[in-house]
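Overview (structure and organization)
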Amino acid sequence: MSQATAEKPALPISTEVAVEIASMNKWYGSFHVLRDINMTVMTGERIVICGPSGSGKSTLIRCINRLEEHQSGRITVDGTELTSDLKNIDKVRSEVGMVFQHFNLFPHLTILENCTLAPIWVRNVPKKEAEEVAMHFLEKVKIPEQAMKYPGQLSGGQQQRVAIARSLCMKPRIMLFDEPTSALDPEMIKEVLDTMIELAEEGMTMLCVTHEMGFAQAVANRVVFMDQGQIVEQNTPKEFFNNPQSDRTKLFLSQILGH
Amino acid sequence: MTALPGPYVRTEMLPQQPPPIGQAGLLRWVRENLFSSVLNATLTLVTILVVFSLVRHMLPWFANSVWTAGSLTECREMLDGKTGACFSVVADRWNQMVFGFYPVELYWRPILAVVLLLAALAPMLFSGVPRQLLWFSVFYPAVAVWLLWGGSLWGPILATVGFGIAFMVYQSVARLQALLAAPLALLSLMVWWLWGVGLVAGVAQSIVPLDLTEVRSHEFGGFMLSVVIGVTGIALSLPMGILLALGRKSDLFLIRTVCIGFIEFIRGVPLITLLFTASTLLNYFLPPNTNFDITLRVIIMVTIFAAAYMAEVIRGGLSALPTGQYEAADALGLNYWKAQRLIIMPQALKISIPGIVNTFIGLFKDTTLVIFIGLLDPLGLTNSIRADVNWNGIYWELFLFVGVMFFIVCFSMSRYSMYLERRLKTDHL
Ligand SMILES: Nc1ncnc2c1ncn2[C@@H]1O[C@H](COP(=O)(O)OP(=O)(O)OP(=O)(O)O)[C@@H](O)[C@H]1O
Ligand SMILES: [Mg+2]
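Criteria and thresholds
Residues numbered from 1 in each chain as written. Chains lettered and ligands numbered in written order. Predicted model: local features only at pLDDT ≥ 70, side-chain atom pairs only at ≥ 80, totals over all residues. Heavy atoms only, no water. Near = heavy atom within 4 Å. Polar contact = N/O pair within 3.5 Å; in protein donor to acceptor, adjacent residues only side chain to side chain. Helix = DSSP H or I, 4+ residues; strand = E, 2+ residues; numbered from the N terminus. Pairing = 2+ DSSP bridges. Buried < 20%, exposed > 50% of the residue type's maximum accessible area, 1.4 Å probe, protein only. Contact = heavy atoms within 4.5 Å. Axes fitted to C-alpha atoms, helices over the stretch in contact; angles between N-to-C directions. Parallel < 35°, antiparallel > 145°, perpendicular 65-115°, else oblique. Left-handed = near helix turned anticlockwise from the far one by under 90°. Buried area = accessible area lost by both parts, 1.4 Å probe. Salt bridge = Lys/Arg side-chain N within 4 Å of Asp/Glu carboxyl O. Nonpolar A, V, L, I, M, F, W, Y, C, P; charged D, E, K, R; others polar. Expected span 1.5 Å × (residues − 1). Bend = angle between axes of the 7 residues up to and from the residue.

In this section: the site of ligand 1. Residues and elements named next belong to chain A. Around ligand 1 sit Tyr-28, Phe-31, Val-33, Pro-52, Ser-53, Gly-54, Ser-55, Gly-56, Lys-57, Ser-58, Thr-59 and Glu-179, and that is every residue in its neighbourhood. The side chain of Lys-57 places a nitrogen or oxygen atom 2.7 Å from an oxygen atom of ligand 1. Between ligand 1 and the protein, one listed contact pairs an oxygen atom with a side-chain N or O atom of Glu-179 at 3.1 Å. Put simply, the parts of the chain that give the shell around ligand 1 at least two residues each are β2 (31–42) and α1 (57–64).

Right, let's get into unusual backbone geometry. Phi at Asp-36 of chain A is positive, roughly 45 degrees, even though this residue is not glycine. Mapped onto the elements of the fold, Asp-36 of chain A is located in strand β2. One non-glycine residue, Asp-80 of chain B, adopts positive backbone phi at about 60 degrees.

Our next topic: the pairing of strand β1 (residues 17–28) of chain A. Residue and element names in this part refer to chain A. In the sheet, β1 pairs with β2 via eight bridges, with the strands oriented antiparallel. Opposite Met-24, over in β2, you have Ile-37 as the bridge partner. Bridge analysis of β1 against strand β4 (residues 72–77) gives five bridges, and the strand direction is antiparallel. Within β4, the residue paired with Val-19 across the bridge is Val-77.

All names here are of chain A. One can find Thr-195 in helix α6 (residues 186–201). Accessibility expressed as a relative area gives 12% for Thr-195, which makes it buried. Only 2.8 Å separates the side chain of Thr-195 from the backbone oxygen of Glu-191, close enough to count as a polar contact. Leaving out residues up to four positions away in the same chain, Thr-195 has contacts with Val-141, Arg-161 and Ile-164.

Our focus in this paragraph is the packing of helix α9 (residues 222–248) of chain B against helix α10 (residues 253–267) of chain B. Residue and element names in this part refer to chain B. In the contact formed by α9 and α10, the axes pass within 7 Å of each other and the chain directions differ by 125 degrees. Classified by the angle between their axes, α9 and α10 sit oblique to one another. The interaxial crossing formed by α9 with α10 has left-handed handedness. On the side of α9, the interface is formed by Met-240, Leu-244, Gly-247 and Arg-248, while α10 contributes Ile-255, Arg-256, Cys-259, Ile-260, Phe-262, Ile-263 and Glu-264.

With that settled, consider the interface of chain B and chain A. Taken together, the 19 residues of chain B in the interface contact 22 residues of chain A. Taking both sides of the interface into account, the surface hidden between chain B and chain A amounts to around 2000 Å²; carbon and sulfur atoms contribute 64%. Looking at the side of chain B facing chain A, the largest losses of area belong to Ala-331, Leu-332 and Thr-426 of chain B, adding up to 30% of the total buried there. Our count for the chain B to chain A interface comes out at two salt bridges. Note that Arg-62 of chain A is salt-bridged to Glu-327 of chain B, the shortest N-O span being 2.8 Å. If you look at where chain B meets chain A, you find six residue pairs in polar contact (both at pLDDT 80 or more). Among the elements that line the side of chain B that touches chain A, the one with the most residues is helix α13 (residues 323–331) of chain B, at seven residues. Taken together, the residues of the side of chain B that touches chain A break down into nine nonpolar, six polar and four charged.

Let's shift gears to helix α6 (residues 133–149) of chain B. Residues and elements named next belong to chain B. The terminal C-alpha atoms of α6 lie 24 Å apart, and with 17 residues this matches the ideal 24 Å at 1.5 Å per residue to within 8%. At Phe-139, α6 shows its maximal bend, which comes to roughly 45 degrees, and the proline Pro-141 appears one to four places after that position. Inspection of α6 places Ser-137, Tyr-140, Ala-142, Val-143, Ala-144, Trp-146, Leu-147, Leu-148 and Trp-149 among the buried residues, and these make up the whole buried set. Buried-residue contacts for α6 involve α5 (108–125), β1 (151–152), α7 (154–176), β2 (211–212), α9 and α12 (294–320). Phi turns positive, to about 75 degrees, at Gly-150, one or two residues after α6.

All names here are of chain A. Strand order in this open sheet of six strands is β6-β7-β8-β3-β9-β10, and the pairing throughout is mixed. The two strands at the open ends of the sheet, each matched to only one other strand, are β6 (96–99) and β10 (230–235). Averaged over all neighbouring strand pairs, the angle between strand axes comes to 20 degrees, with direction disregarded. Strand direction decides the pairing type here: strand β3 (residues 46–50) and strand β8 (residues 205–209), joined by four bridges, are parallel. Residue pairing across strands places Ile-47 opposite Leu-207, the latter belonging to β8. The sheet strands contacting helix α2 (residues 86–95) are β6 and β7 (174–178), and the helix crosses β6 at an angle near 65 degrees.

Let's shift gears to the pattern of salt bridges. According to the stated counting rule, one finds 22 salt bridges over all chains in the structure shown. Salt-bridge contacts for Glu-45 of chain A lead to Arg-222 of chain A; the nearest nitrogen and oxygen are separated by 2.9 Å. Placement of the pair is Glu-45 of chain A in the loop between β2 and β3 and Arg-222 of chain A in strand β9 (residues 222–227), with a sequence separation of 177 residues. Exposure class is identical for Glu-45 of chain A and Arg-222 of chain A. Each is buried. In this structure, Arg-93 of chain A engages Asp-330 of chain B in a salt bridge whose closest nitrogen and oxygen atoms are separated by 4.0 Å. With Arg-93 of chain A in helix α2 and Asp-330 of chain B in helix α13, this pair bridges two chains. The exposure class assigned to Arg-93 of chain A is buried, which follows from its relative accessible area of 11%. Assessed through its relative accessible area of 27%, Asp-330 of chain B is described here as partly exposed.

As C-alpha cells, then:
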C-alpha cells in the first residue's frame, strides 16, 4: 500500500516511557481475554499490533484509555496509573487520542463542531481558538473545505481523516488506532495511511492495530504479534517479517501475505 | 439471434426531454393511485359514494347553523323546523368555555400568560429566534404562575432563582469534592425553598410590592385549565422522562431499581386511578389543614404519568445509538453528564421525536379526564352549560367545538414534530 522506502529515516525515540503495561490480565466474565501482558512503549515509538481475529488486540489498546477495565496488573500512561479513580481516567483520556474502525464521528454535529467539541468542553479552550486549531488539523488531513458539512455527507476515507483530526485537536501525546482502515474501500485506504504516516514522521507515539503490513514496514519501530490473548512475538518490522521465530507467527504471516 | 454487437462509441450526448403525456401530472397520478386495477377502481368509487352521502347529510346541519340565538328554544324558532346546528351556544358561552369561572375583569392575565408563553417557547422551538430570549424562558414559569394565580411575584421568581443558587453551590463544591456536590446542591435548594424564599420575598415585597389579586384554583376551568395542566405536564415530563431513562440504564443498582420500579408501577396504573388518588387519597397522607392546591396535585400526577411513558420512549432512542458514540465521547475525555448532554441526548431525543410528541399529544388529551374528579375542563363545562335552562339538551355543537379545539392543538404539535425532524436531519442532505 504505502511506498515503503528501503531506508527509513531514523526517527528519534526518547528514553521517556509513554505507556507501561505490567502483568496485566483481563477477563470478560469467565473468559480470560488478555493474559499476562507486559509491554513498554517509549515516547515517540510507533508500534503495530497484529494477530488473528479475536486475539485481543482491540481489547488491549482499549485498556490503555480505559474503555475497558483490566482486573489485575498495572497500566501506567504518561506516569498516571489507571485505577478506578475517575480523575486519573479523565487525565489519561485527555492525553490519549483514539481512532476507531467505524470512525464514530458525531453525526449530529458538523465536521468543525466534531473537532472543537472536546477542546471546548474538556480543555475549556475558547471557541474561536478551538476553531482555529481545528481548521489547522483539518488542513493537515487535507479536508478543510468539508468543515461545514456533516459526517453523513463525507466518504469513508474522509470521515476517518476527520476522526484523526478530531483526536489531534486535543493535542494528545499518544494516539491509539484500532484497525483504522479495515472498514474502508481500497482506494480510500491510502489517503488514511498517508495521514498516519505523516503523523508518525512528526514523532507521535502511536499504537496501531492494523493488518496493513506495508504501513508496518514503513513506519513501525516494533511489531507486536498477539494470539489467544497473549503477546507471542515482538520484533522490529524487518526481523518480524523476514525472520519470524514462532510457528504461530509464521502461520499468520503466510496467511496474511500469502494472497 | 441477430448480428453480434460490435464495438460502439457514442458520438453525441442526448439532451433531457420531458416525459410523454399521460406519464406526468394529474392524469398519471389519478390513474396510478385511484384506478390502477379493477379492485382499486371499485374501492375508489365506493369511497366517493360514502363520502358524498355523508357530506350531503351533514351539509345542511352546518349550512343552516345559527350563531346568534340566546337559548336553545330561540334557536329552534329561528331554524323553523329545518335541520341545523345551534352554534349560538359557543358564541354565548365562549368566555366560560375558555376561562371557566376566572373573574371577568382579570381575563387579561391568562391572555397575557399565553402571549408570553409563545414568546418563551419561540427560542426553544425555532432556530431563527435570538438565543438571549432563553433567559426569558427560564423565568417564564414564575411569571405565568404569578399572572394566573396572582399574589406576589417575588415568591415564584425567588423560587426560580433557587435553581441558580443550587447550580452555584454545585459548581463551587464540585471543584473540591465531587461526590458531595450534588447532595449539597439539593440541600441548599430545599433550604432556600423552605425558608429563604419566604424570608427574602417578604422583605422584597415590603420594598417593591408586586401584587396581583389572588385567584383560587377552583375558579380555573375550560380550555385554560387544559392548557395549564397540559403545558406544565409537557414541560416537566420531558426532563423527568430523560432522568428516568438515564436512571434505568445506570450502572448504580439502587438508582436503576428505583427507576425501573417507578416506571413500571406508573405505567401499570390507569391515569384515572392516579387522579382519584390526587383528589381524595392524598388528603389522608398530608398533615391536616394543609392546603395543597388541587390543580397542582393533578399536574403532578399527570406529569409523572407522562414521564413514565416518556422514559420508555427515550430509552428506545438511547438503545438505537451505536455504542461507538459512547466510546468516542469517553475517548475524548468527556465526562458522563457532558457526554449525555452534547453527544447522546441530542441524538437519542432526535430519534425519539415521534414518540415524544405522541406522548405529549396523549397527555394533552388526557387532561379531559380531570372531569371525573370534579374539575371543570371543557367537557366538564359542557355539563354545567346544559344545566342552564337556556341550553338544556344541547350536545353535538358543544362536543364538536371541544373536539375541534383539541384537534387544532394536537395537529399543530404533530406538524411541528415533522418540521423538527426535517430540520434536524443531517444525514445525506
Ligand atoms: N464485551 C465483550 N464481552 C465478552 N467478550 C468479548 C467482548 N469483547 C470482545 N470479547 C471477546 O474477546 C476476544 C477478543 O476480542 P477483541 O475484540 O479484542 O479481538 P481482536 O483481536 O480485536 O479481533 P478483531 O481482529 O476481530 O478485531 C474475542 O474472543 C471476543 O469474542
Ligand atoms: Mg478488533
